[in-house]
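Single-letter residue listing:
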Amino acid sequence: MTKQNELYDIVINGGRVMDPESGLDAVRNVGVKDGQIAIITEEALDGNETIDAAGHVVAPGFIDGHSHSANDAFGVKKGILDGRTTQMDLEAGAWPVDVWYDRLEGRAQANYGASVGHLPIRDVVFSDITTTTGNLFLEMWKSKSQWSVHQASPEELEQILELIEQGIRQGGLGVGTPIGYATSGLTAYEVNQAWRLAGKHGLFATVHGRFSSLSLPTEGILGTLEAIASANMHGAGILVHHYQAQVLSAVEDVARMVDQARESGVKVLLEMYPYTFGSSVMMADYLHPENYQNNMGHTYGDITLVKTMQPLTKETYEEEVKKEPGATILFEHCTEKDMVKAMAWPSVCLGSDAVPYIDGEGSKDAEGGMTVPYGCPDDEAHGHPRNAGTYAKVFRYVREQKVMPLMTAVAKSSYLLCKFMEECGVPQMAAKGRMQVGADADITIFDSDTITDNSTRENGSLASSGIPHVIVNGVPVVKDSKIVEGVYPGKPIRRPVTEV
Ligand SMILES: [Zn+2]
């Protein structure tokens, strides 16, 4: 029996198959069997289930290394509808790592993973805070432990490093240190020693840079350089999250510098999301007026409180930051022109930075996560449009503004982060980000003529469209543009567990 006569689980017929690694860009039929891509051919194939992909792109499932919604079912659903088959929180990270992974076992619609959360570990060392979700980063804004401003004593630093290493032994994917949230608590030495552990285990660190600014002495580029140097000196890779929000108009200089560093063998990857405003919490260091206004040239009115969708004033800022330091806000950062430059730079990958949606009451989902329930109506779920629209928006820019070739956008959505993670101690990623025989069948099928984001500043949860089929490990999770409820094919992206 020839391979062509085999019966596949799913056959995807007549789509434009795009593989960023090999450069394949041609009309092919794809056979999926046992969760993997079993054949890519011009011959006709038989399958139990057939998807007609004529006129559509058949791409590797999109890989999001920056989702704080990775263990929030509603957020994951919105990500899947945006084509994201793997959703990981590499920036904030998990703590405890095993709790985070255990919570998702058998109930994840997309593949999931997380780094070891350095800031949550600080909170644990400085206080008696606990969590049932492993999403401690999202729960600790109300903590009184001073995790963001307290400088660790030598004994405390020892404990922090001990727990980071424990997280690595529990399968954490790297060390996530969003320095930008703790600029007056985290010394360069503490960061350096934390990342030494990433290097020791052959892994990578991730950073939200120390500075978000155009001007000396707190230039965003310096925060980026701190991160690259600190990781590289210990042999760790470094993923720089949403770099456009830190370096602003220096996006091209920094991207050029990073390309040069890669040529010298430095393992570094820049990431961006395609918006000129971010989402954060009221108490974030970089939004303190002294920082935000002096460094980024914005005022109180450029910060919007999400629960009311009203811009702040000096008075409301001062009142709210005391009352609810963890309140979700939107804030302006770079210009549209700089955002597009960062988006189009070939070696910069995408990451949504999805933050869990909230409703007016700040209610929690069934498992106590800080977000809305899975079935929440869109008009009741508030949050940044990037949560739902990041990937489709980039493909809309490819179509409308011809900012880059389609293949470049496919690579940014999938392959670039895979390659980086493979280089940095996560061999599992070698089977992702590719339309190749033997790769995991994580597949996103979209129409390059219609794919678009629909989420807006006013309604951040409207799902993307033009992505009729999404497959995770060989199982359809989006069919005919609708989410398939009750299927959980997502698998953990995790390092070997050597400590339980
Ligand atoms: Zn961040």
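Look a little higher up for the structure.
What counts, and where the lines are drawn
- Residues numbered from 1 in each chain as written.
- Predicted model: local features only at pLDDT ≥ 70, side-chain atom pairs only at ≥ 80, totals over all residues.
- Heavy atoms only, no water.
- Pairing = 2+ DSSP bridges.
- Helix = DSSP H or I, 4+ residues; strand = E, 2+ residues; numbered from the N terminus.
- 1 Å grid on protein atoms, 1.4 Å probe; cavity = no way out; pocket = protein on both sides within 12 Å on 5 of 7 lines; lining within 4 Å.
- Points joined across faces, edges and corners; volume = space filled by probe spheres on them.
- Nonpolar A, V, L, I, M, F, W, Y, C, P; charged D, E, K, R; others polar.
- Donors = N, O, S within 2.8 Å, 3.2 Å for Na, K, Ca; no water.
- Buried < 20%, exposed > 50% of the residue type's maximum accessible area, 1.4 Å probe, protein only.
- Phe/Tyr/Trp six-rings, centres within 6.5 Å; stacked < 30°, edge-to-face > 60°.
- Lys NZ or Arg CZ within 6 Å of the ring centre and 35° of its normal.
- Contact = heavy atoms within 4.5 Å.
- Core = buried A, V, L, I, M, F, W, Y, C linked by side-chain atoms within 4.5 Å.
- Domains from an automatic or database assignment.

> Looking at this structure, I do not really get the sheet that holds strand 15 (residues 310-311). What am I missing?
The strands making up a sheet associate through backbone hydrogen bonding, with each pair oriented either parallel or antiparallel. As summarised here, the arrangement of the four strands in space is 13-16-14-15, forming an open sheet in which the pairing is antiparallel. On the outer flanks of this sheet lie strand 13 (277-281) and strand 15, each paired with one strand and no other. Direction of pairing for strand 14 (residues 303-305) relative to strand 15: antiparallel, over a ladder of two bridges. Bridging across to strand 15, L305 finds its partner in Q310.

> Any chance you could explain empty space enclosed by the protein here in plain terms?
Where empty space is left can be seen by rolling a probe of water-molecule size over the atoms. The tally for this structure, following the rule as stated, stands at two cavities of 30 Å³ or more. Taken as a whole, the second largest cavity holds about 30 Å³ of empty space. The wall of the second largest cavity is formed by V207, G209, G220, G223, T224, V240, Y243 and Q246. Of all the secondary structure elements, the ones that give two or more residues to the lining of the second largest cavity are helix 7 (220-232) and helix 8 (243-247). Counting residues per element, the lining of the second largest cavity draws most heavily on helix 7, which supplies three residues. Here the lining of the second largest cavity is built from residues that sort into three nonpolar, five polar and no charged.

> Just to check I follow, could you spell out the coordination of the zinc ion for this structure?
The textbook angles at a metal center are 109.5 degrees for a tetrahedron of four donors and 90 or 180 degrees for an octahedron of six. Donor atoms from the polypeptide that coordinate the zinc ion comprise E91 (OE), H208 (ND1) and H242 (NE2), at 1.8 to 2.4 Å from the metal. In terms of primary sequence, the donors binding the zinc ion are separated according to E-x116-H-x33-H. One end of the pair, E91, is in strand 7 (residues 84-94); the other, H208, is in the loop between strand 10 (204-207) and helix 7, and 117 residues separate them in sequence. As far as the burial class goes, E91 and H208 line up, both buried.

> Is there a simple way to think about the environment of A430 in this case?
Summarising the element assignment, A430 is placed in the loop between helix 14 (406-423) and strand 18 (443-446). Placed 12 residues apart in sequence, A430 and C418 show a C-alpha to C-alpha distance of 6.8 Å.

> Help me understand the packing of aromatic side chains in this model?
To describe a pair of aromatic rings, one takes the distance between the centres and the angle between the planes. One pass over the full model with this rule turns up 14 aromatic pairs. Between Y273 and Y275, the ring centres sit 6.5 Å apart and the planes meet at 40 degrees, which makes this aromatic pair tilted. One residue, R457, lies across the ring of F277, its end atom 4.0 Å from the ring centre.

> Looking at this structure, I do not really get helix 10 (residues 289-296). What am I missing?
The α-helix winds at 3.6 residues per turn, so residues separated by three or four positions along the chain end up facing the same way. Every buried residue of helix 10 is accounted for by P289, Y292, N295 and M296. G297 lies just past helix 10 and shows a positive phi near 70 degrees.

> Where do I start with the environment of V268 in this structure?
When you line up the elements, V268 lands in strand 12 (residues 268-272). According to the relative accessible area criterion, V268 is buried, its value standing at 1%. For the pair V268 and T206, spaced 62 residues apart in sequence, the C-alpha to C-alpha distance is 9.7 Å. Those residues in contact with V268 that lie beyond four places of it in its chain are I228, I238, V240, V258, A261, R262 and F420.

> It is not clear to me how the nonpolar core should be interpreted in this structure. Could you clarify?
Here is a general trend for soluble globular proteins: nonpolar side chains tend to be buried in one another's company. In terms of nonpolar packing, the biggest core is built from 130 residues, with W195, I238, Y243 and M421 touching the most fellow members. Broken down by element, the residue count for this core peaks at nine residues, all from helix 14. Structurally, this core is a two-domain feature, drawing no fewer than three residues from each of domain 1 (3-60 + 428-483) and domain 2 (62-423). Those residues in contact with W195, other than ones at most four positions away along the chain, are V175, T177, I179, A205, T206, V207, A227, S230, A231, H234, A236 and I238.

By themselves, these observations are geometric and do not establish any function.
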